[in-house]
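Chain residues, written in single-letter form:
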Amino acid sequence: MSDSIKHECGIALIRLLKPLDYYKERYGSFLYGLNRLYILMEKQRNRGQEGAGVVGVKLDMPPGYKYMDRVRSCQADPIQDVFNSINTPFKGKNIKDCTTEWAKKNLPFVSEIYLGHLRYATFGKNNLDLVHPLKRASNWRSRNLALAANFNLTNVDELFQSLIDEGQHPRNYSDTVTLLEKTGYYLDDEIQNRYRHYKESGYPKNEISELIEDNLDMLSILSKSCKDWDGGYAVAGVSGHGDAFVMRDPWGIRPAYYYADDEIVVAASEASVIRTAFGVDDTNIKEIEPGFALIIKKNGKIFTGMVREPQQRSSCSFERIYF
């Protein structure tokens with residue numbers, strides 16, 4: 001299994017399928033996922049050099065506790081800068097003596113889900129506002145969304161105008177914000193429809209949020225979001241309540257691979273970095289097929305489904321986008 005490396009962004013997604021105590025007992029640290037994310041990002045250093053970012057999402061946090069952390073950098077060595085920032089709260093503490101429950105509530109990035117990104121600027125200046133993962137914030141967990149992408153779209157003007165036509169007022173004119181807001185628009189729409197359904201069915205408000213989180217149709221949301229995207233893309237995302245995904249363009253321009261076992265699901269732009277970070281055989285690393293999405297639900301269910309009709313493969317982005 002080989003990868004075609006170009007001047008492209010790199011994505012990395014990790015979802016731990018066991019309780020954090022499991023990784024502390026077996027691997028010596030509840031930061032097992034974070035440590036593996038660092039390897040995935042370092043091994044993709046040949047891709048994006050102009051910025052890096054990481055989001056961590058904690059599952060089932062009680063009200064009043066932070067459940068989504070983010071650090072981004074566009075410094076000269078952005079990966080090192082990001083992880084220096086992430087690791088600062090752990091310095092001076094013997095984290096082996098901390099209980100997992102205490103650490104999860106009191107320390108950032110003690111998480112079950114990690115989303116990392118290496119940026120190669122495709123639109124405008126390289127500034128921190130455009131460094132992935134981008135994030136939409138809300139007091140409702142399911143409406144929080146973090147997005148990281150390896151992409152180059154040809155019709156950003158058209159997509160931006162479609163947001164305006166839907167009544168939105170995007171805060172920035174950029175391809176990255178446009179992707180986030182398109183996906184967020186259909187996420188909000190799905191949530192609102194389900195809220196209305198459960199309310200009319202007589203469920204109390206304090207139960208509706210959990211029902212929505214458990215039953216969101218991520219395939220439908222992604223299919224509606226990307227229906228007009230023209231160009232190459234591999235887009236990874238995670239919601240505040242814990243659904244995660246990676247979707248790929250229907251032409252197979254941007255690559256995406258994943259590996260799953262009973263402990264972990266990992267996705268990245270290169271198969272080789274998954275092999276290196278987790279010591280797994282190539283035969284166990286799968287390609288996300290063009291036009292398909294990998295979905296990891298909050299409850300740990302893993303599946304793939306079509307979000308765009310696959311087209312004739314065009315693995316070279318320059319061939320598809322510029323000619």
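Residues numbered from 1 in each chain as written. Predicted model: local features only at pLDDT ≥ 70, side-chain atom pairs only at ≥ 80, totals over all residues. Heavy atoms only, no water.

Peer 1: Any details on the packing of helix H2 (residues 32-43) against helix H3 (residues 78-87)? Residues and values, ideally.
Peer 2: Relative placement of two packed helices is described by the angle separating their axes and the distance separating the axes. It is at 11 Å that the axes of H2 and H3 come closest, and there the two elements cross at 170°. Classified by the angle between their axes, H2 and H3 sit roughly antiparallel to one another. Residues Leu-34, Leu-37, Tyr-38, Met-41 and Glu-42 of H2 form the contact with H3, whose participating residues are Ile-79, Gln-80, Phe-83, Ile-86 and Asn-87. A breakdown of the residues in the contact of H2 with H3 according to their chemical character gives 7 nonpolar, 2 polar and 1 charged. (Axes fitted to C-alpha atoms, helices over the stretch in contact; angles between N-to-C directions. Helix = DSSP H or I, 4+ residues; strand = E, 2+ residues; numbered from the N terminus. Parallel < 35°, antiparallel > 145°, perpendicular 65-115°, else oblique. Contact = heavy atoms within 4.5 Å. Nonpolar A, V, L, I, M, F, W, Y, C, P; charged D, E, K, R; others polar.)

Peer 1: An account of the side chain of Arg-15 is needed here, citing residue identities and associated values.
Peer 2: Here Arg-15 lies in strand S1 (residues 10-16). Buried Arg-15, no salt bridge; nearest opposite-charge side chain is Glu-112, N-O distance 7.0 Å. Apart from the residues lying within four places of it in its own chain, the contact partners of Arg-15 are Leu-59, Glu-112, Ile-113, Gly-242, Glu-263, Ile-264, Val-265, Ile-296, Lys-297, Lys-298, Asn-299 and Gly-300. (Buried < 20%, exposed > 50% of the residue type's maximum accessible area, 1.4 Å probe, protein only. Lys, Arg positive; Asp, Glu negative; His and termini not counted. Salt bridge = Lys/Arg side-chain N within 4 Å of Asp/Glu carboxyl O.)

Peer 1: How would you sum up unusual backbone geometry? Please name residues and give values.
Peer 2: That bond from His-132 to Pro-133 is cis: its omega, -5°, falls within 30 degrees of zero. Tracing the backbone through its elements, the reader meets Pro-133 in the loop between strand S4 (113-119) and strand S5 (134-136). The phi torsion at Asp-60 lies on the positive side, around 60°, for a residue other than glycine. With respect to the helices and strands, the residue Asp-60 is situated in the loop between strand S2 (51-57) and strand S3 (68-73). The phi dihedral of Phe-109 is positive, around 65°, even though this residue is not glycine. With respect to the helices and strands, the residue Phe-109 is situated in the loop between helix H4 (100-106) and S4.

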